[in-house]
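Here's the letter readout for the chains.
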Amino acid sequence: MNKHRFLLRSALSISLLSALLCSCNEEEDAGIDANLQIYGMTYEVGTGIVWQSNPYRTYERVPFYWDDTFDENGQQVVERVEGFYASEQAKESGNFMISIYQSGMNFNEQLSEVDGWGAVACFHLASKEPERLVPGNYTIGGDQTPGTFKGYASSSYNGKVGGGIATITEGTVKVNETPGGYTVSFDCKTDFGGIVKGYCNVPLRLVRLPQVSSLEFNDLHLEGLLKKYIKHLATKAEPDVMPLPQWNLNPTGLDIFSKAFLSLAGGTISNANGSKSTPDIALSYDDDRQELMFESPLHMRRFFGLKARRDFYTFPCHTIYMKAPDSFTDADFDKVTETGLTADVKEETVRIPIGDNFKPCYVFFRTGRGAKGVIRVRGFREAGKTYTPYPYSPMHVITESRPASLTIDVKCPAVIYNPAIK
């Protein structure tokens, strides 16, 4: 009798366990109530996340016009160039990203990152409330205006190395708020016409991203853009004498090589030809006066030839500078990280003499995007020349201008930077 009861109980236990396993597998096979379509392919959704970052702080862009005067074929030409500066009052909007990931990509809670490989759609939403994602329809836009979004998608994204990202240029993202969290649906197109659409009816996980509120860049070396840049082939014995005309490597004299431009997005220093992001701060060099001068990126246009002026030089940000009063000290500079720059910045010409007349100083700035900060000028390097061996002839060298430069530290409010896909 006991043996029969034992067998019966065992059979019931096995049946119950089988039913539970069956139920879990069926739920797993069913997946979550979500769908992601990219370029005509449908992908099973594994997870969706709402990333919350520091609020956007935007300033209205006010048009700024500057007359660039130069000589063309013996005639004086005036070209009116349009740039922008920032209004005095800032507006805040919520900075949220909604990311929908293909099954197989895993959220690492400790690192606040997603690992793995697969299809992803990511939408950068500007919410009407700085600390809350306001539900509603978001339309395409790129200036952090509340109710707009920027979007990106990839059918083969690697969480560690990226890859294959397309920009979304059309469409709508609809955000709904439920008792359990947010749900989302979207119908969009990329810049080449690819369809990106889908939905996630399962409440999305909300993850707050830790971000700094201020930026600090130390020991930067910013070069002064030269009015005349020389790069030519010369004999090794006399590299500074007359260059070989048939081997002139820079006949136009354009100085696109000086690393004279600083972008506050990451503290990136670059030359005019290689600047990937729009510069906020620029520096020129006056060889006659032995002075370096902080410049508005917009005004740097005057250093370039006609073709460069019109074809590629499009740095419209108008930044202004002001020499800090002598009472401003290292202790005040250290406090900028906590308090920001409270002083008003009034536009003036800021020249930094080098050589025997050099004195360390502080310079206040306000960029065309509204960021106010302080530059600590610590040191300088005088202008000169560099000599590089010419690989095709041991008898020759490449002689190249080396501009003067400043060694600086910079402190300013953090520039909001979101990766295309998070």
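Look above for the structure.
Procedures and definitions
- Residues numbered from 1 in each chain as written.
- Predicted model: local features only at pLDDT ≥ 70, side-chain atom pairs only at ≥ 80, totals over all residues.
- Heavy atoms only, no water.
- Helix = DSSP H or I, 4+ residues; strand = E, 2+ residues; numbered from the N terminus.
- Buried < 20%, exposed > 50% of the residue type's maximum accessible area, 1.4 Å probe, protein only.
- Contact = heavy atoms within 4.5 Å.
- Areas by Shrake-Rupley, 256 points an atom, 1.4 Å probe, with all protein chains shown as cover.
- Core = buried A, V, L, I, M, F, W, Y, C linked by side-chain atoms within 4.5 Å.
- Salt bridge = Lys/Arg side-chain N within 4 Å of Asp/Glu carboxyl O.
- Pairing = 2+ DSSP bridges.
- Axes fitted to C-alpha atoms, helices over the stretch in contact; angles between N-to-C directions.
- Phe/Tyr/Trp six-rings, centres within 6.5 Å; stacked < 30°, edge-to-face > 60°.
- Lys NZ or Arg CZ within 6 Å of the ring centre and 35° of its normal.
- Polar contact = N/O pair within 3.5 Å; in protein donor to acceptor, adjacent residues only side chain to side chain.

### Observations concerning the overall build of the protein
Consideration 1: Looking only at helices and strands, the protein has three helices and 26 strands in total.
Consideration 2: For the protein, buried positions account for 45% of its 422 residues.
Consideration 3: For the protein, the proportion of contacts with a sequence separation of at least 24, taken over those separated by at least 6, is 66%.
Consideration 4: Of the roughly 22,600 Å² of accessible surface on the protein, 51% is carried by carbon and sulfur atoms.

### Some thoughts on the nonpolar core
Consideration 1: In this structure, Leu264, Ile281, Phe294, Ile375, Val377, Leu406 and Val410 are the most contacted members of the largest nonpolar core, which totals 29 residues.
Consideration 2: Broken down by secondary-structure element, the contributors of at least two residues to this core are strand S13 (214-223), strand S18 (281-286), strand S19 (291-295), strand S22 (361-366), strand S23 (372-381) and strand S26 (405-413).
Consideration 3: For Val410, the residues in contact, after removing those within four places along its chain, are Leu215, Glu216, Phe217, Leu220, Leu262, Leu264, Phe333, Phe365, Val374 and Ile375.
Consideration 4: Within the second largest apolar cluster, 28 residues are counted, among which are Ala121, Leu133, Cys188 and Leu204.

### Quick word on the pattern of salt bridges
Consideration 1: By the definition in use, this model includes 17 salt bridges.
Consideration 2: Residue Arg301 is joined to Glu79 by a salt bridge in which the shortest nitrogen-to-oxygen separation is 2.9 Å. Of this pair, Arg301 sits in the loop between S19 and helix H2 (306-311) while Glu79 is found in strand S4 (residues 75-102), placing the two residues 222 residues apart along the sequence.
Consideration 3: Of the residues examined, Arg301 reaches a relative accessible area of 7% and is grouped as buried.
Consideration 4: Taking the shortest distance from any N to any O, the salt bridge between Asp409 and Arg376 comes out at 3.0 Å. Of the two residues, Asp409 is situated in strand S26 and Arg376 in strand S23; the sequence distance between them amounts to 33 residues.
Consideration 5: Judged by relative accessible area, Arg376 falls into the buried class, the value being 18%.

### Section: unusual backbone geometry
Consideration 1: Of note in the backbone geometry, Tyr39 takes a positive phi value of approximately 55° without being a glycine.
Consideration 2: Residue position: Tyr39 is located in the loop between strand S1 (34-38) and strand S2 (41-43).
Consideration 3: The class of Tyr39 is partly exposed, set by a relative accessible area of 31%.
Consideration 4: Phi is positive for Asp219, which is not a glycine, with a value near 60°.
Consideration 5: The topology assignment puts Asp219 in strand S13.

### A look at the sheet that holds strand S24 (residues 384-389)
Consideration 1: Ordered by their spatial adjacency, three strands build an open sheet running S15-S25-S24, and the pairing between neighbours is antiparallel. Taken across any chain shown, the strands that pair with only one partner, and hence form the sheet edges, are strand S15 (231-235) and S24. Neighbouring strand axes in the sheet, compared pairwise and without regard to direction, differ in orientation by 35° on average.

### Quick look at the sheet that holds S23
Paired through their backbone hydrogen bonds, the strands of a sheet run either parallel or antiparallel.
Consideration 1: Strand order in the open sheet formed by five strands is S13-S26-S23-S22-S20, and the pairing between neighbours is antiparallel. Each edge of the open sheet is held by one strand with a lone partner, namely S13 and strand S20 (320-323). The average undirected angle you get between the axes of adjacent strands in this sheet is 25°.
Consideration 2: Judged from the six bridges that link them, S22 and S23 form a sheet pairing that is antiparallel.

### What about the packing of aromatic side chains?
Within a pair of aromatic rings, the relevant descriptors are the distance that separates the centres and the angle that separates the planes.
Consideration 1: Applying the stated criterion to the full structure yields eleven aromatic pairs.
Consideration 2: Ring geometry for Phe328 versus Tyr362: centroids 5.0 Å apart, planes at 70°, classification edge-to-face. Placement of the pair is Phe328 in the loop between S20 and helix H3 (330-339) and Tyr362 in strand S22, with a sequence separation of 34 residues.
Consideration 3: Ring centres 5.6 Å apart and planes at 40° place the aromatic pair Phe333 and Tyr362 in the tilted group. Highlighted residues: Phe333 in helix H3 and Tyr362 in strand S22, separated in sequence by 29 residues. As far as the burial class goes, Phe333 and Tyr362 line up, both buried.
Consideration 4: Through a chain of ring-to-ring contacts, three or more aromatic side chains come together here, namely Phe328, Phe333, Tyr362 and Phe364.
Consideration 5: Here the basic side chain of Lys422 rests over the ring of Trp51, its NZ or CZ set 5.2 Å away from the ring centre.

### Digging into the side chain of Glu291
Consideration 1: Within the secondary structure layout, Glu291 lies in strand S19.
Consideration 2: A polar atom in the side chain of Glu291 sits 3.2 Å from the side chain of Arg351.
Consideration 3: Apart from residues no more than four positions distant in its own chain, Glu291 is found in contact with Ser284, Tyr285, Asp286, Arg351, Ile352 and Pro353.

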